[in-house]
Each structure stands twice: as structure tokens, then as C-alpha cells.
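What follows is the residue order along each chain.
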Amino acid sequence: MRHFPLMARFNQWVNRQLYDKVATLDEEAYRADTGIFFHSIHHTLNHLLVVDRLWIGRVTGTDHGISSLDQILFEDFASLRAAREAEDRGLIVLLDEMADDRIEALVRFSTIKRDRHFEARVRDLLSGLFNHQTHHRGQIFAVLQQRGMDLPDVDLPFFLPEIGEARIIGP
């Protein structure tokens, strides 16, 4: 499997597991200021969706109406989860269909404030998208661990056997 379609599927798999764990929290714990960069799990999950839409929009040339990195797209968990699932499915479709020459193409974009302008390869923007997901999901997983939750193994080697890209050969 090509790298970016693999990463999109892995991203979806980890997000599903993260949202499954977050769904078990009560509303107070979900919205509590935990000391992470975007304060609460709710705000951090919104931030992840905001940034995914921002980066995907830069790659596709689509304006998703993102106005700030702390924009709240969805106030309730159920709507946020549904949007996350749709975004992950859409990213898989986009990357399955994206030709190698498009992945190597240059795109121009600006910051949200329009104060800095860049030109970069699509492959690097996609790498940044997946890295960003990992960064903030790690913050949320740390909060869940501090709350005593039993967390799943979400490293790539645990995902690969599920899609036939690796096999388990021992305990």
C-alpha cells in the first residue's frame, strides 16, 4: 500500500480508538481544563478537526471557512465525532485517488492571519497533518491515562496486521 493512503487508514483507526475512550467520560471530565495546550479534551478534538480541514483545504484548494486554530466547529461530542469520522473517510478517499505527481506538486498557501505565505510540496503538508494529529492525540491519551483509563496500543505495528500489511509471528 502506498504511504499516504496507509497513513490515512492508520489515522482513522487511532481516531476511532481515541473517540471510543473519550466517549466514556462524563461531560465534566470531557470539558475540564486539563492543562494541555487547548485546555480541554473537547477543545483539543475540535482543534484537530479544524487543522485537518485547514491542511486538506490547502492541498485541495478548498476554503473550509477556518478563521482560527481554536475555532469550535461542534459544541457537542456526538456531532464532533460524526464530523471526525466523515473527515477521516474523506481523507482516505482523497489519498487513494491522489496520483503520485500530485503528491509531489507544490502548493501555495498563507497562514490564517494572512501574514506569512508559503510554497511547499503536498507530501510535506500531508506529513505535517499526520504528525499534528499524533501530537495532540498524545496529549489527550496522556490525560486519559492520568485518569486511570486502560488505553489501547495505537502504534503502527498494531494496526498493520489488521489490514494485511504485517503478520504477528509470536507472542
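Note that the structure is predicted; figures quoted are calculated from it, not measured. (Residues numbered from 1 in each chain as written. Predicted model: local features only at pLDDT ≥ 70, side-chain atom pairs only at ≥ 80, totals over all residues. Heavy atoms only, no water.)

Peer 1: Quick question: what am I supposed to make of the overall build of the protein here?
Peer 2: Per the secondary structure count, the protein includes seven helices and two strands. Written out in order from the N terminus, the α and β elements of the protein read α-α-α-α-α-β-β-α-α. For the C-alpha atoms alone, the extent of the protein along its principal axes is close to 45 × 45 × 25 Å. For the protein, the proportion of its 171 residues judged to be buried stands at 43%. Within the protein, counting contacts between residues at least 6 apart in sequence, those at least 24 apart form 70% of the total. When the accessible surface of the protein is summed, it comes to about 9500 Å², and 51% of that surface belongs to carbon and sulfur atoms. When the 20 positive and 26 negative side-chain charges of the protein are each reduced to one mean point, those points stand 4 Å apart. (Helix = DSSP H or I, 4+ residues; strand = E, 2+ residues; numbered from the N terminus. Buried < 20%, exposed > 50% of the residue type's maximum accessible area, 1.4 Å probe, protein only. Contact = heavy atoms within 4.5 Å. Areas by Shrake-Rupley, 256 points an atom, 1.4 Å probe, with all protein chains shown as cover. Lys, Arg positive; Asp, Glu negative; His and termini not counted. Charge placed at Lys NZ, Arg CZ, Asp CG, Glu CD.)

Peer 1: What exactly am I supposed to notice about unusual backbone geometry here?
Peer 2: Keep in mind that most residues, glycine aside, have a negative phi and that most peptide bonds are trans. Here the phi dihedral of His-39 falls at roughly 75 degrees; this positive angle occurs in a residue that is not glycine. For His-39, the position within the fold is in the loop between α2 (27-31) and α3 (41-60). With a phi close to 60 degrees, Arg-114 is a non-glycine residue in the positive phi region.

Peer 1: Hey, could you run me through the nonpolar core in this one?
Peer 2: Within soluble globular proteins, side chains that are nonpolar generally end up buried alongside one another. Ranked by size, the top nonpolar core spans 43 residues in total, and within it Val-22, Ile-41 and Leu-45 carry the most contacts. Elements with a minimum of two residues in this core: α1 (3-22), α2, α3, α4 (77-97), β1 (106-110) and α6 (122-146). In terms of residue count, the dominant contributor to this core is α1 (10 residues). If sequence neighbours within four positions are ignored, Ile-41 has contacts with Val-22, Leu-25, Ala-29, Tyr-30, Ala-32, Ile-140, Val-143 and Leu-144. (Core = buried A, V, L, I, M, F, W, Y, C linked by side-chain atoms within 4.5 Å.)

Peer 1: Where do I start with the packing of aromatic side chains in this structure?
Peer 2: The relation between two aromatic rings is expressed through the spacing of the ring centres and the mutual angle of the planes. The full count for this structure, using the stated rule, is eight aromatic pairs. When the ring of Tyr-19 is compared with that of Phe-77, the centres are 5.6 Å apart and the planes differ by 25 degrees; the resulting orientation is stacked. One end of the pair, Tyr-19, is in helix α1; the other, Phe-77, is in helix α4, and 58 residues separate them in sequence. Residue class for Tyr-19 comes out buried when judged on its relative accessible area of 3%. Seen in terms of ring centroids, Trp-55 and Phe-109 are 5.4 Å apart; in terms of plane orientation they differ by 75 degrees. Their pairing is edge-to-face. Of this pair, Trp-55 sits in helix α3 while Phe-109 is found in strand β1, placing the two residues 54 residues apart along the sequence. Judged by relative accessible area, which is 12%, Phe-109 ranks as buried. Through a chain of ring-to-ring contacts, the aromatic side chains of Phe-10, Trp-13 and Phe-159 assemble into a single cluster. Positioned over the ring face of Trp-55 is Arg-58, at 4.5 Å from the centre of the ring. (Phe/Tyr/Trp six-rings, centres within 6.5 Å; stacked < 30°, edge-to-face > 60°. Lys NZ or Arg CZ within 6 Å of the ring centre and 35° of its normal.)

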